[in-house]
Amino acid sequence: MTETHRLLIALSSITLYVLWVAVIFYRNRKKRSVTDPLTYNTHVNSRDSKNQTLIVYASQTGTAEKIARAKAAALAEHETITLVSMASLNLSMLGNVSKALFVVSTYGEGEPPDAGTRFYHALQRAKKSGATPLSNLSYEVIGLGSREYKQFCRFAVALYENVSLLGGTPLTSLTTLDSGKGEHLVHLDSLATELSEQMQPWVLEHRKQLNQDDTRGLYAITLKQPPSAREAGKVPLTWEAGDIIDIYPDMTQGYLSLQEPSSRNLKEPSSENLKELSSGHLKEPSSGHPRKRIGRSYTIASAPQENDLKLIVREVRKEHGELGYGSGFLTSKLPMNQPVYAQIRKNTNAVITDTQCPLVLIAAGSGIAGVRAQLAKRAMLKDGGPVWIFYGERSPEKDDILPKALSPFHNASCIHKRSVIFSKPSLEPNIAPNQYVQHLIVEQADALKVFLGVNDSSGVNFEARRNAQIYVCGHFEGMGKGVDAALQDVLGKQYYSMLVDKGRYHRDLY
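Small disclaimer: the values here were computed from a predicted structure and weren't measured. Each chain has its residues counted from 1, following the order in which its sequence is written. Thresholds applied to this predicted model are a pLDDT of at least 70 for local features of residues and 80 or more for the giving and counting of side-chain atom pairs; totals over whole chains, interfaces and linings are not thresholded and use all residues. To obtain the side-chain values, all non-hydrogen atoms of the structure were used and water was disregarded.

Caption draft 1: Just the overall build of the chain, in detail. Only runs of H or I of at least four residues qualify as helices and only runs of E of at least two qualify as strands under DSSP, and these elements are numbered from the N terminus. What the chain contains, in helices and strands, is 16 helices and 17 strands. Here the chain, with 510 residues, has 50% of them falling under the buried criterion. Considering only contacts in the chain between residues 6 or more positions apart, those separated by 24 or more positions represent 78%. Of the roughly 24700 Å² of accessible surface on the chain, 52% is carried by carbon and sulfur atoms. When a residue's accessible area, from a 1.4 Å probe over protein chains only, is under 20% of the maximum for its type it is buried; when over 50% it is exposed; and in between it is partly exposed. Two residues form a contact once any of their heavy atoms are found within 4.5 Å. Residue-level accessible areas treat just the shown protein chains as cover; the underlying method is Shrake-Rupley with a 1.4 Å probe.

Caption draft 2: Layout of helix 14 (residues 445-452). Here helix 14 has its buried residues at A445, L448, K449, F451 and L452. All buried residues of helix 14 lie within an arc of 160° about the axis, which places them on one face of the element. Away from its buried face, by an angle of more than 90 degrees, helix 14 presents the exposed residues D446 and V450. Residue G453 follows helix 14 closely and has a positive phi angle near 90°. The directions from the helix axis to the C-beta atoms are what the arc is built from.

Caption draft 3: Quick look at the sheet that holds strand 7 (residues 200-209). Pairing between strands is defined by DSSP: at least two bridges between them are needed. With respect to topology, 6 strands assemble into an open sheet ordered 10-9-12-7-8-11, the strand pairing being antiparallel. Of all strands in the sheet, those with a lone pairing partner are strand 10 (296-299) and strand 11 (309-314), marking the two edges. With strand direction ignored, the average angle separating the axes of adjacent strands in the sheet is 40°. In this sheet, strand 11 lies alongside strand 8 (residues 218-224) in antiparallel orientation, the contact comprising 6 bridges. Residue pairing in the sheet places T222 in a bridge with K310 of strand 11. Against the sheet, helix 11 (residues 368-379) makes contact with strand 10 and strand 11, and its axis sits at roughly 155° relative to strand 11, the strand it touches most. As a rule, the C-alpha atoms of each element are fitted with a line to give its axis, helices using only the stretch in contact, and angles between N-to-C directions run from 0 to 180 degrees.

Caption draft 4: Summary view of the environment of A376. Position of A376 relative to the elements: it lies in helix 11. Between the C-alpha atoms of A376 and E306, which are 70 residues apart in sequence, the distance is 8.5 Å. Setting aside residues up to four positions removed in sequence, A376 forms contacts with A303, E306 and F409.

Caption draft 5: Region of the structure containing the nonpolar core. Grouped together as the largest cluster of nonpolar side chains are 31 residues, with contacts concentrated most on I362, L452 and I470. In terms of residues, this core owes the most to one element, helix 15 (residues 476-491), which gives 7 residues. In this structure, I470 is in contact with L359, V360, I362, L452, L487, L491, L499, R504, Y505 and H506, ignoring residues within four places of it in sequence. One finds V84, V97, A100 and L134 within the second-largest nonpolar core, a separate group that totals 30 residues. To qualify as a nonpolar core, a set must consist of buried Ala, Val, Leu, Ile, Met, Phe, Trp, Tyr and Cys residues joined through side-chain atoms within 4.5 Å.

Caption draft 6: How the structure looks around the packing of helix 4 (residues 114-129) against helix 5 (residues 154-165). Two numbers describe how helix 4 lies on helix 5: the axes approach to 10 Å, and their chain directions differ by 40°. Considering the angle they form, helix 4 stands oblique to helix 5. You can see that helix 4 and helix 5 cross each other, and the crossing is left-handed. Here helix 4 contributes G116, F119, Y120, L123, Q124 and K127 to the contact with helix 5, which in turn contributes F155, A158, L159, N162 and L165. Split by residue class, the contact of helix 4 with helix 5 holds 7 nonpolar, 3 polar and 1 charged. Just so you know how the angles are binned, under 35 degrees is roughly parallel, over 145 roughly antiparallel, 65 to 115 roughly perpendicular, and the rest oblique. By convention, the crossing between two helices is left-handed when the near helix turns anticlockwise from the far helix through less than a right angle, and right-handed when the turn is clockwise. Note on residue classes: Ala, Val, Leu, Ile, Met, Phe, Trp, Tyr, Cys and Pro are nonpolar, Asp, Glu, Lys and Arg are charged, and everything else, Gly too, is polar.

Caption draft 7: Molecular detail of the pattern of salt bridges. Take a side-chain nitrogen of Lys or Arg and a carboxyl oxygen of Asp or Glu: if they are within 4 Å of each other, that pair is a salt bridge. Taken as a whole and assessed by the stated rule, the structure comprises 18 salt bridges. A salt bridge links D246 to K66; the nearest nitrogen and oxygen atoms lie 3.5 Å apart. Here K66 lies in helix 2 (residues 63-75) and D246 lies in strand 9 (residues 244-248), a separation of 180 residues in the sequence. Connected through salt bridges with shared partners, the residues D213, R216, R314, E393 and D399 form a single ionic network.

Caption draft 8: Quick peek at the packing of aromatic side chains. Two rings from Phe, Tyr or Trp (for Trp, the six-membered ring) form a pair when their centres sit within 6.5 Å of each other. Planes less than 30 degrees apart are called stacked, planes more than 60 degrees apart edge-to-face, and all others tilted. In the structure shown here, the tally under the stated rule is 7 aromatic pairs. A ring pair is formed by Y107 and F476, whose centres lie 4.6 Å apart and whose planes are at 45°; its orientation type is tilted. Separated by 369 residues along the polypeptide, Y107 in the loop between strand 3 (99-105) and helix 4 and F476 in helix 15 bring together distant segments of the chain. The rings of W388, F390 and F451 are connected pair by pair, giving a single aromatic cluster.

Caption draft 9: Looking closely at the packing of helix 14 against helix 15. The contact between helix 14 and helix 15 brings their axes to 10 Å, and the two run at 75°. Overall, the two elements helix 14 and helix 15 adopt an arrangement that is roughly perpendicular. Here helix 14 contributes A445, L448, K449 and L452 to the contact with helix 15, which in turn contributes L487, V490 and L491. The residue makeup of the contact of helix 14 with helix 15, split by class, is 6 nonpolar, no polar and 1 charged.

Caption draft 10: View of the confidence of the model for the chain. Here the chain averages 81 in pLDDT, while 75% of its residues score no lower than 70. Values of pLDDT, ranging from 0 to 100, describe the predictor's confidence in every residue of the model. Taken as a whole, residues 255-272 scores under 50 in pLDDT and shows 39 contacts with residues more than four places along the chain or in a different chain. Taken together, the stretch residues 274-292 has pLDDT below 50 and engages in 42 contacts with residues farther than four places along the chain or on a different chain.

Caption draft 11: The side chain of T222, seen in detail. Relative to the assigned elements, T222 resides in strand 8. Polar contacts, as used here, are pairs of N or O atoms within 3.5 Å; protein pairs need one atom able to donate a hydrogen and one able to accept it. Residues neighboring in sequence count only if both atoms are side-chain atoms. Side-chain polar atoms of T222 contact the side chain of K310, separated by 3.4 Å. Setting aside its immediate chain neighbours within four residues, T222 contacts V203, L204, E205, H206, D308, L309 and K310.

Caption draft 12: Structural view of the sheet that holds strand 14 (residues 387-393). Here 5 strands make up an open sheet; going across it, the order is 15-14-13-16-17 and the pairing parallel. With one partner strand each, in any of the chains shown, strand 15 (415-422) and strand 17 (505-509) form the two edges of the open sheet. If you compare each strand with its neighbour and ignore which way they point, the axes differ by 10° on average. Pairing of strand 14 with strand 15 involves 7 bridges; the strand directions are parallel. By the bridge assignment for strand 15, F390 is matched with S419.

Pasting the structure below:
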């Protein structure tokens, strides 16, 4: 072989290698443009508005956002997609596009979710003016709700009608889905690839019951990413206080079924196992059918600076004593040092960026998870602003868990005050039963208004402590409704509306 032949072979090898790298890069880039939410536009380019489709979501628990992302993934190959939360939407932005798809949930008895309140008020004001600023807009609306409520998908109905009154042209009739019955699931099919890309393995490192009631145990759970996650090409994720993690027990149980029973508490998953599991194509050994992914969502209880992902989970027991699907898995069935597969999800409605303003944290039961994360974020700063914690539980004898749940931040210097109430003080005859955290807010009304900067004599003092914020975490039914009513009563309509309009009232309710 001559020197010329060797040179030609070398050049050919280099050329083939470069082409191979280019093909891989192009495929990954195309894949990311469809599946990675970070690649979607977040602002409207007015110079090219006719070719843009605006996909808007207003979500309280994340379901509407998931559907919006699935729609964006499906349409991104053929259209220029702009994906935005309704919290950042205005009429001017909507008027700069020719097509919009709204995916919105209805909160409680017909309310818009927190992310949609400000835009809904803007629609109402524009409607009164008689103008038609959306005359160039064609639109669709997908509404999520539950038929258990009388006002089923009321916000979606109101949105559909109001956009039409402002000149918009509906492309289809209103679509309403009962998410409680799973009617929304068909719209999530195209999200499978995105979910696989974002799936991460975490190892159960610590689990401890916080209370002394075995019928409704409350558990502190610590997860860590295993070294094999890096071997499988998974980059450790970060999060913010207020974010959510979706846990997928079925993926982990599928992995455990492939191991020998004697090794289940010992064997860390290999990189090959992680790749197979996160690809979404794990099959049952006997049937060969792929498993469905069924997830459960939990508010993260730690700040990323702690390096551990912490949860606080209430063990749910059903009518006949069986454990709940997600809570039973985390509090009982998942072996120590075994992986759990999960996806961290942004929850922008609950993220508080201002760390200096007065902050009121309100929770009951397992809602203390969100409070702990918000407290940790401030406690780890040298100059974190003041925090007032309101917390409600059932029994002072069995559920006095606040110091343990907040540890090691339970005595942080940023804590202005801790106010705790128990609904069943059986051994305290001088305390009335059935008192909840909303009653505590009313009881502390005067001090709370001083803390937030509400001026009794002149309505609202917008200058004093004008950036104060409120965060609520827990169940919507009961606590969530009760706290909201108490805050409206104590703070007054003007101050309450100002908090909502300025995005300073954060509700992480489920």
